[in-house]
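Chain by chain, the residues:
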Amino acid sequence: MTLSSLTPRPLIAGNWKMNGLAEALDQARAVAAALDARPAAARVAICPPATLLHRLSETLEGSSVLTGGQDCHAKASGAHTGDIAASMLIDAGARLVILGHSERREDHGETSALVAAKVETALAAGLEPIICVGESLAQREAGAALEVVTAQVRESLPASLAGQAFSVAYEPIWAIGTGRTATVADIEEMHAAIRAQLVLIFGEAGKAPPILYGGSVKPDNAVEILRAAEVGGALVGGASLKAADFLAIIAAA
Ligand code: 13P
């Protein structure tokens, strides 16, 4: 099998985080309508808050835009008040799920071992995981960024991902929601290290999963970032909330 046949389309995923009431569906509708008129080179997904997921999936039915969850529980079902099972995301129309976002790791104390357990559960339900990794500013300033992120990749990706569709998102914590982005050189260095780790874990198949960049991706920096070596797409926070901005990023892929 040649490498090009292993290389999937880039993925541009919007992470709405804890934003979005019913009226936000209009933004998603506008994205879908624009992409129907002019199909994107990239696969496109929107990951809304759980309360909107089913409505968003219905709104986007028949369009090219996929939907995803922002988290799921490590257990398939049971007594876990307030949590969401992977099968519930599927039931609400999701195809993908973001796991191990730094906001989950920080706000909810999620460890890489827990993230790996969630990935297993998501795969078993039929979801395509987007597994997030990224260092803090203190870790970068201490020169530990590569070590921290490659350890997160090793520990957050279970062996059962072999042969499955998934992506890894590199999101330096200090670049999230700050307007600061990593330099292209920093992104390429980290993505190369993540790729090497994927090949160590999965062999030749580790060359296929897209490695997304996330952290203040905007229309005005998207071309430069998406052109960088080993950048297979973007995980977009703030700029995914407005159709025009999200579409400009999608067009850059
Ligand atoms: P921003 O694009 O708002 O910086 O968020 C990035 C992010 O965390 C996506 O998951």
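Computed from a predicted model, the values in this text were never measured in an experiment.

Peer 1: How do you make sense of the overall build of the protein when you look at a structure like this?
Peer 2: Broken down by element type, the protein carries 11 helices and 8 strands. Taken against the 2.2 N^0.38 rule, which gives 18 Å for 253 residues, the C-alpha radius of gyration of the protein at 17 Å falls within 12% of a compact globule. Viewed in the frame of its principal axes, the protein has a C-alpha envelope of about 45 × 45 × 40 Å. Among the 253 residues that make up the protein, the fraction classed as buried is 50%.

Peer 1: I tried to follow the sheet that holds strand 3 (residues 65–69) on my own but got confused; where do I start?
Peer 2: Note: strands within a sheet are paired through backbone hydrogen bonds, in either parallel or antiparallel orientation. Spatially, the 8 strands close up into a barrel ordered 1-2-3-4-5-6-7-8, and their pairing is parallel. Mean inter-strand twist for the sheet, computed between neighbouring axes without regard to direction, equals 25°. Note that strand 1 (residues 11–15) and strand 8 (residues 233–236) share 4 bridges and pair parallel. Across the sheet, Ala 13 pairs through a bridge with Leu 235, a residue of strand 8.

Peer 1: What am I meant to see in the site of the ligand here?
Peer 2: Close to the ligand lie Asn 15, Lys 17, His 101, Glu 171, Ala 175, Ile 176, Gly 177, Gly 215, Ser 216, Leu 235, Gly 237 and Gly 238. Between the ligand and Gly 237, the relevant distance is 2.9 Å, taken from an oxygen atom to a main-chain nitrogen or oxygen of the residue. In the complex, 96% of the free accessible area of the ligand, which totals 310 Å², lies under the protein chains. Residue composition of the shell around the ligand, by class: 3 nonpolar, 7 polar and 2 charged.

Peer 1: Honestly, the pattern of salt bridges in this entry has me stumped. Any pointers?
Peer 2: When their charged atoms lie close together, side chains carrying opposite charge are able to pair. A full pass over the atoms with the stated rule returns 11 salt bridges. The shortest N-O distance in the salt bridge between Glu 128 and Arg 43 comes to 2.9 Å. Of this pair, Glu 128 sits in strand 5 (residues 128–133) while Arg 43 is found in strand 2 (residues 43–47), placing the two residues 85 residues apart along the sequence. According to the relative accessible area criterion, Arg 43 is partly exposed, its value standing at 22%. In this structure, Lys 118 and Asp 71 form a salt bridge, with 2.8 Å as the shortest nitrogen-oxygen distance. Residue Lys 118 is located in helix 6 (residues 112–125), and its partner Asp 71 is located in the loop between strand 3 and helix 4 (86–91); the two are separated by 47 residues in the primary sequence. Accessibility expressed as a relative area gives 5% for Lys 118, which makes it buried.

Thresholds applied
Residues numbered from 1 in each chain as written. Predicted model: local features only at pLDDT ≥ 70, side-chain atom pairs only at ≥ 80, totals over all residues. Heavy atoms only, no water. Helix = DSSP H or I, 4+ residues; strand = E, 2+ residues; numbered from the N terminus. Rg over C-alpha atoms; globule rule 2.2 N^0.38 Å. Buried < 20%, exposed > 50% of the residue type's maximum accessible area, 1.4 Å probe, protein only. Pairing = 2+ DSSP bridges. Axes fitted to C-alpha atoms, helices over the stretch in contact; angles between N-to-C directions. Near = heavy atom within 4 Å. Polar contact = N/O pair within 3.5 Å; in protein donor to acceptor, adjacent residues only side chain to side chain. Areas by Shrake-Rupley, 256 points an atom, 1.4 Å probe, with all protein chains shown as cover. Nonpolar A, V, L, I, M, F, W, Y, C, P; charged D, E, K, R; others polar. Salt bridge = Lys/Arg side-chain N within 4 Å of Asp/Glu carboxyl O.

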